[in-house]
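Secondary and tertiary structure notes
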Amino acid sequence: MAGKRASAKEVSELIDSLGDRLGRELSTQSVLLHQAIAERLGLKGTDHKYLDVLRRAAEAGPVTPGDLVQLTGLTSGGVTGVLDRLEAAGFVRRVKHPSDRRQLVVEPVVERYAEIGALFAPFRERWAVLCSRYSLAELRLICDFFEQATALMAEEIARMQRPAAPEAPPASAAPRAGARAETGARAERGAKARPRRTS
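Computed from a prediction, not measured in an experiment: that's the story for all the values here.

**Things to note about the overall build of the protein**
- From N to C terminus, the protein includes 7 helices and 2 strands.
- In sequence order, the secondary structure elements of the protein are arranged as α-α-α-α-β-β-α-α-α.
- The long-range fraction of contacts in the protein, counting pairs at least 24 apart against all pairs at least 6 apart in sequence, stands at 42%.
- Just so you have it, the protein exposes about 15700 Å², and 59% of that area is on carbon and sulfur atoms.

**Side note on the pattern of salt bridges**
- Following the criterion strictly, the structure yields 9 salt bridges and no others.
- One salt bridge in this structure joins Glu107 and Arg93, with 3.6 Å as the shortest N-O distance. Placement of Glu107 in strand 2 (residues 104–108) and of Arg93 in strand 1 (residues 92–96) is noted, with a sequence separation of 14 residues between them.
- Overlapping salt bridges, with partners in common, bring together Asp52, Arg55, Arg56 and Glu59 in one network.

**Things to note about empty space enclosed by the protein**
- Across all of its chains, the model carries 1 cavity of 30 Å³ or more by this definition.
- Taken as a whole, the largest cavity spans an internal volume of roughly 60 Å³.
- Every element with two or more residues in the lining of the largest cavity is listed here: helix 2 (47–58), helix 3 (65–72) and helix 4 (76–88).
- It is helix 4 that provides the largest number of residues to the lining of the largest cavity, a total of 4 residues.
- Grouping the constituent residues of the lining of the largest cavity by class yields 9 nonpolar, 1 polar and no charged.

**Quick word on helix 1 (residues 8–41)**
- For helix 1, which comprises 34 residues, the first-to-last C-alpha distance of 47 Å matches the rise-based estimate of 50 Å (1.5 Å per residue) to within 8%.
- Of all bends in helix 1, the biggest is about 35°, found at Gly23.
- Those residues of helix 1 that sit buried are His34, Ile37, Ala38 and Leu41.
- Along its buried surface, helix 1 packs onto helix 2 and helix 5 (113–131).
- Immediately beyond the C-terminal end of helix 1, within one or two residues, lies Gly42, with a positive phi of roughly 75°.

The rules we used
- Residues numbered from 1 in each chain as written.
- Predicted model: local features only at pLDDT ≥ 70, side-chain atom pairs only at ≥ 80, totals over all residues.
- Heavy atoms only, no water.
- Helix = DSSP H or I, 4+ residues; strand = E, 2+ residues; numbered from the N terminus.
- Contact = heavy atoms within 4.5 Å.
- Areas by Shrake-Rupley, 256 points an atom, 1.4 Å probe, with all protein chains shown as cover.
- Salt bridge = Lys/Arg side-chain N within 4 Å of Asp/Glu carboxyl O.
- 1 Å grid on protein atoms, 1.4 Å probe; cavity = no way out; pocket = protein on both sides within 12 Å on 5 of 7 lines; lining within 4 Å.
- Points joined across faces, edges and corners; volume = space filled by probe spheres on them.
- Nonpolar A, V, L, I, M, F, W, Y, C, P; charged D, E, K, R; others polar.
- Expected span 1.5 Å × (residues − 1).
- Bend = angle between axes of the 7 residues up to and from the residue.
- Buried < 20%, exposed > 50% of the residue type's maximum accessible area, 1.4 Å probe, protein only.

Here is the structure:
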């Protein structure tokens, strides 16, 4: 016998719980986890996540600070600050561009990857145990959800980073065509009523 079909109210409540309570809690714990990892590495909050952005981009070729501005949405000053901290901690180095000596390239120090991986190792082990509770079909469904949620977040980040469009004045602030004509007529009548000055 087929299972009971969920009501629209039950579905709505689950979606609200997933997006509001569970999603928010997962996001918060993720931020706090990465904050704790950063502190163990001697870095600030999300610096090692920008290192991850750099590492992935560097797999495709040389990465300049300008590239990181595009990839992260940070200002050039923000990227400079992140790179200064990562370089001081020994996680990146700035070198001359291989084909354009006028530019600098940012390289991750691959020798430090093992140190970062070691900090994540206990979490990965417990993550594998958690995933073992689910069937292959369920894991595929979870993977699909994470992929779609990640794409949705990327779209939202891009939307928020776009310059805000100037707001149009409210309709009530713009004079009506009839009101403009009436104002013009009053001004003309007033001009006719005023006596002309004689020298």
